[in-house]
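An overview of the molecular structure
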Amino acid sequence: GLHQMILEFTPRTRAKYYEVVEVRTQRSTLHLHLHGCGVEPSLVVSPDSGTLDLGHVMVGEILHGTFTLKNNSEIDLQYGISLLSEKSDVVQAFSGPSEIGNSNKSGILPFQCTPHTGNISRGQTQEITVKFHPDHKDTYKDVVIVNLLNQPQETRIEVKGCSWTGSMFVLGARDPAPSVTLHTLVPEIEDLAAEPEPEEMKGEFWVVFICSLSAPKQTFNETISIGNCRGAGVIPDSLNSIDKAPKPSGDFAFEPLKADYGPLAKALTFNPQKGSVESCATVPVSFQFCPPKELAEVGARLQFNTLLTLKGETVEQFRVNFVVEIVK
């Protein structure tokens, strides 16, 4: 009769294997010479930095980014993709592990990957699309985990992105923060809202100068960036539209310091004081401060503010608070 024998080869290391299987019957002995080669799966991720920064987008719009998986193995590879925030042992409630940022208020994950499963032939690549769809202003991040079938190791890619209520935004300034000691070279930030807030005021931020009087006529510089994310993302309803959304530039303008500030009004200069920002770009703005002689005393803390107007998808105003700490 006919008998079927199933042989299983499970190598534990990358090596060549040889074995002889002896099959005996009452009349004869059969020797089967087995040969096998253990290969190690090799998956290369691009970008090789392990981080995919999707950039900036307006709330409610969708931004897409991609990374690639390349199979450098001698065999085909089956992969599966998941997000760290999807793990059942991770509690996600607007705060969590440092690897995971904030969640959407809707409960829908801000990041999604497609295709999340598939097969990559040897020597071939697979492009993975990451969709970023935030529902409120915030900074988001997550970790994409790539697993190979029957393999214990995993590959991780950090994904991150920022969303804004309007198309114009500010980077590099200090957000409102609790008071800290001068030992950190950051002065105590007090409540500067002595004037009533206009109803249209969108928020405020701080620019801090640490001025040393060790040399006369010093000018101290601080820099922020103003960006424009108009045109970076698409509105969900227009994903299948043939017409592309316009990508206009945005404008910004700082109000000059009021004359009520006396010598401080001429001590601070903006470079530039106003300008335009092209779509999906940023423009640096430098603040130059030269301490007035009559106010430059060691230990003095100078505080003043002005308004920044951003004109893009919407018109927004921000209070810019300047804090100057005079040290030796």
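Here, every reference points to the structure presented above.
Predicted model only: the values in this text are computed from it and were never measured. (Residues numbered from 1 in each chain as written. Predicted model: local features only at pLDDT ≥ 70, side-chain atom pairs only at ≥ 80, totals over all residues. Heavy atoms only, no water.)

Turning our eyes to something else, we now look at the overall build of the chain. What the chain contains, in helices and strands, is 1 helix and 20 strands. Burial analysis of the chain (328 residues in total) assigns 35% to the buried set. Summarising the internal contacts of the chain: among those between residues at least 6 apart in sequence, 69% fall at separations of at least 24. Accessible area of the chain: about 19800 Å², with a carbon and sulfur share of 50%. (Helix = DSSP H or I, 4+ residues; strand = E, 2+ residues; numbered from the N terminus. Buried < 20%, exposed > 50% of the residue type's maximum accessible area, 1.4 Å probe, protein only. Contact = heavy atoms within 4.5 Å. Areas by Shrake-Rupley, 256 points an atom, 1.4 Å probe, with all protein chains shown as cover.)

What follows is about the environment of threonine 10. One can find threonine 10 in the segment before strand S1 (16-24). Distance in space between the C-alpha atoms of threonine 10 and glycine 38 is 8.0 Å, their sequence separation being 28 residues. A polar contact of 3.5 Å, which involves the side chain of threonine 10, links it to the side chain of glutamate 8. (Polar contact = N/O pair within 3.5 Å; in protein donor to acceptor, adjacent residues only side chain to side chain.)

Attention now goes to the sheet that holds strand S18 (residues 281-289). Strand pairing in a sheet relies on backbone hydrogen bonds, with the paired strands running either antiparallel or parallel. What the 4 strands build is an open sheet, ordered S12-S14-S18-S16; its pairing is antiparallel. Each end of this open sheet is capped by a strand with a single partner; those strands are strand S12 (168-171) and strand S16 (268-271). Put simply, the sheet's adjacent strands are angled 25° from each other on average, direction ignored. Pairing of S12 with strand S14 (residues 220-228) involves 4 bridges; the strand directions are antiparallel. (Pairing = 2+ DSSP bridges. Axes fitted to C-alpha atoms, helices over the stretch in contact; angles between N-to-C directions.)

On to the side chain of serine 279. Summarising the element assignment, serine 279 is placed in the loop between strand S17 (274-277) and S18. On the accessibility criterion, serine 279 (18% relative accessible area) is buried. Looking at serine 279, its side chain comes within polar contact range of the main-chain oxygen of arginine 230, at 2.3 Å.

Another point: the nonpolar core. By size, the foremost hydrophobic cluster in this structure holds 30 residues, and its most contacted members are Phe209, Ile226, Phe254, Phe287 and Phe289. Of all the elements, strand S20 (residues 315-327) adds the most residues to this core, at 5 residues. If sequence neighbours within four positions are ignored, phenylalanine 287 has contacts with Val207, Phe209, Phe220, Asn221, Glu222, Ile224, Phe254, Leu268, Thr269, Phe270 and Phe322. Leu54, Val57, Ile120 and Val130 belong to the second largest nonpolar core, which has 24 residues in total. (Core = buried A, V, L, I, M, F, W, Y, C linked by side-chain atoms within 4.5 Å.)

Turning our eyes to something else, we now look at the packing of aromatic side chains. A full pass over the atoms with the stated rule returns 15 aromatic pairs. Ring centres 6.5 Å apart and planes at 45° place the aromatic pair phenylalanine 205 and phenylalanine 318 in the tilted group. With a gap of 113 residues between them, phenylalanine 205 in strand S13 (residues 201-212) and phenylalanine 318 in strand S20 connect regions that are remote in the sequence. The buried category is assigned to phenylalanine 318, whose relative accessible area is 11%. For the ring pair phenylalanine 254 and phenylalanine 270, a centre distance of 5.1 Å and an interplane angle of 20° mean the geometry is stacked. Here phenylalanine 254, found in strand S15 (residues 250-254), pairs with phenylalanine 270, found in strand S16; they are 16 residues apart in sequence, far enough to count as distant. (Phe/Tyr/Trp six-rings, centres within 6.5 Å; stacked < 30°, edge-to-face > 60°.)

It is worth spelling out the pairing of strand S3 (residues 43-46) at this point. A one-sided burial pattern is seen for S3, the buried positions being Leu43 and Val45 and the unburied ones Val44 and Ser46. The pairing of S3 with strand S5 (residues 63-71) spans 4 bridges and is antiparallel. Residue pairing for S5: valine 44 is matched across the bridge by lysine 70.

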